[in-house]
Amino acid sequence: MEYESKNDEGAQKMSLKILKNAFCILLAVLLSLLILLTATEMVVFDMNYFSSQYDKYDIPVKLGIEKDELMKSTEKLLDYLKDKRDDLNFKALIRGQEQEFFSPRDKLHMIDVKNLFIIGRNTRNGIFAFLLCLTGIMVYKKRKIKSGNLFLLSSILGILPIIMLVILMNIDFYKYFTIFHEIFFSNDLWLLDPKVDRLVNIFPESFFYDTALRIIIYYLTAQAVLFILGLTINIRKKMKRQ
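Quick look at the structure, then. All values derive from a computational prediction rather than experimental measurement.

Conventions used here
Residues numbered from 1 in each chain as written. Predicted model: local features only at pLDDT ≥ 70, side-chain atom pairs only at ≥ 80, totals over all residues. Heavy atoms only, no water. Buried < 20%, exposed > 50% of the residue type's maximum accessible area, 1.4 Å probe, protein only. Helix = DSSP H or I, 4+ residues; strand = E, 2+ residues; numbered from the N terminus. Polar contact = N/O pair within 3.5 Å; in protein donor to acceptor, adjacent residues only side chain to side chain. Phe/Tyr/Trp six-rings, centres within 6.5 Å; stacked < 30°, edge-to-face > 60°. Lys NZ or Arg CZ within 6 Å of the ring centre and 35° of its normal. Contact = heavy atoms within 4.5 Å. Axes fitted to C-alpha atoms, helices over the stretch in contact; angles between N-to-C directions. Parallel < 35°, antiparallel > 145°, perpendicular 65-115°, else oblique. Left-handed = near helix turned anticlockwise from the far one by under 90°. Pairing = 2+ DSSP bridges. Core = buried A, V, L, I, M, F, W, Y, C linked by side-chain atoms within 4.5 Å. Salt bridge = Lys/Arg side-chain N within 4 Å of Asp/Glu carboxyl O. Expected span 1.5 Å × (residues − 1). Bend = angle between axes of the 7 residues up to and from the residue.

1. Quick notes on helix H2 (residues 47-56)
Link 1 in the chain: Burial in H2 covers these residues: Tyr49, Phe50, Ser51, Gln53 and Tyr54.
Link 2 in the chain: Sitting at the head of H2, Asp46 places a side-chain oxygen 3.0 Å from the backbone nitrogen of Asn48.
Link 3 in the chain: Remark: Asp58 follows H2 within two positions and exhibits a positive phi of approximately 55°.

See below:
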């Protein structure tokens, strides 16, 4: 009976350890996702970034629009993605004529894009609230949080997929950009005609490559900070034990 009791106790400890490790991995994944979504919003809603991209690819000249007019239209577009305006029905002076800035197909596609941003924003806020509440509970119950291990795990788990993504981007960006659209959009509204739809002329493929690269740089920088922070915490703990 004593032998069976020890076996049961050992099994319980093993199960508890597995659950703790699984929960730690879940937290690391959530933290990485939080960083990725935050990095995405930092880049996508940076007006200075759009301005530099327009200059880089000479977008105002190609569209036949003044830079200031293009920036005002971009601000309206970003307000739409932030859910601060209901539609994209506005006009701009293009090639000397006032006309609708976006085509009907542009507007339909941007409805889907906006929904993705709303989902991303809600997911980010939900993760942040969850991690904040969890930290509060742990502090209140005086439970020790192995933050060093968590930060290290988050950086390691978070960096590996991104390295793979960078490799794929450099092999064939168009192919994987297409796959991205096929996964996240249930229609073909993202297939735009440069002769009719202005959206594809404002944001060429090279713009999206640069944007993805900048998001990755922001993301990896944050993960590198977490790695150094986690390493520092663990080293200090080890030194205290000695």
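2. With respect to the packing of aromatic side chains
Given two aromatic rings, one states the distance between the centres and the angle between the planes to describe the pair.
Link 1 in the chain: A complete count under the given rule lists 17 aromatic pairs for this structure.
Link 2 in the chain: Both rings, one in Phe90 and one in Phe101, keep their centres 5.6 Å apart while their planes meet at 20°; by these two values the pair is stacked. With Phe90 in the loop between helix H4 (67-81) and strand S1 (91-94) and Phe101 in the loop between strand S2 (97-100) and helix H5 (104-140), this residue pair connects regions lying 11 residues apart in the sequence. Accessibility assignment for this pair places Phe90 and Phe101 in one class, buried.
Link 3 in the chain: Measuring from centroid to centroid gives 5.8 Å for Phe90 and Phe102, while their planes differ by 85°, and the two rings are edge-to-face. Of this pair, Phe90 sits in the loop between H4 and S1 while Phe102 sits in the loop between S2 and H5, placing them 12 residues apart in sequence. For the pair Phe90 and Phe102, a shared accessibility class is recorded, and that class is buried.
Link 4 in the chain: Each residue in the set Tyr49, Phe50, Tyr54, Phe173, Phe177, Phe203, Phe207, Phe208 and Tyr209 is aromatic and connected to the rest through ring pairs, giving one cluster.
Link 5 in the chain: Here the basic side chain of Lys114 rests over the ring of Tyr80, its NZ or CZ set 4.3 Å away from the ring centre.

3. Overview of the environment of Cys24
Link 1 in the chain: In this structure, Cys24 sits in helix H1 (residues 2-44).
Link 2 in the chain: Taking relative accessible area as the criterion, Cys24 reaches 23% and is therefore assigned partly exposed.
Link 3 in the chain: As for Cys24 and Leu150, which are separated by 126 residues in sequence, their C-alpha atoms are 6.7 Å apart.
Link 4 in the chain: With residues up to four places along the chain from it excluded, the contact list for Cys24 reads Leu150 and Leu153.

4. Focus on the packing of H2 against H4
Link 1 in the chain: Following both chains from N to C, one finds H2 and H4 inclined at 135°, their axes separated by 11 Å at the closest point. When the axis of H2 is compared with that of H4, the two are oblique. Considering only the axes of H2 and H4, their crossing is right-handed. Contacts between H2 and H4 involve Met47, Phe50, Ser51, Tyr54 and Asp55 from the first element and Lys67, Leu70, Met71, Thr74, Glu75 and Leu78 from the second.

5. Describing the pairing of S2
Link 1 in the chain: Pairing between S1 and S2: 4 bridges, direction antiparallel. The residue of S2 that forms the bridge with Leu93 is Glu98.
Link 2 in the chain: Linking S1 back to S2 in an antiparallel pair, the connection comprises 2 residues, with Arg95 at a positive phi of about 50°.

6. Describing the nonpolar core
Link 1 in the chain: By size, the foremost hydrophobic cluster in this structure holds 50 residues, and its most contacted members are Phe101 and Ile202.
Link 2 in the chain: Looking at which element gives the most residues to this core, the answer is H1, with 9 residues.
Link 3 in the chain: Ignoring any residue separated from it by four or fewer positions in sequence, one finds Phe101 in contact with Ile65, Leu70, Ser73, Phe90, Lys91, Ala92, Ile94, Arg198 and Ile202.

7. A few points about the pattern of salt bridges
Link 1 in the chain: Within the structure shown, the criterion is met by 8 salt bridges.
Link 2 in the chain: In this structure, the salt-bridge partner of Glu41 is Arg124, at a minimum N-O distance of 3.1 Å. With Glu41 in helix H1 and Arg124 in helix H5, the pair connects residues that are 83 residues apart, well separated along the chain.
Link 3 in the chain: Classification of Arg124 by relative accessible area gives buried; the value is 18%.
Link 4 in the chain: Residues joined in a network through salt bridges with shared partners are Glu41, Arg121 and Arg124.

8. Remarks on helix H6 (residues 147-184)
Link 1 in the chain: The end-to-end C-alpha distance of H6, which contains 38 residues, comes to just 33 Å, noticeably less than the 56 Å that a straight helix rising 1.5 Å per residue would cover.
Link 2 in the chain: The sharpest bend along H6 reaches about 115° and sits at Asp172.

9. Here's the deal with the environment of Ser186
Link 1 in the chain: Checked against the element boundaries, Ser186 lands in the loop between H6 and helix H7 (199-202).
Link 2 in the chain: Classification of Ser186 as exposed rests on a relative accessible area of 79%.
Link 3 in the chain: Considered as a pair, Ser186 and Asp112 are 74 residues apart in the sequence and their alpha carbons are 9.0 Å apart.

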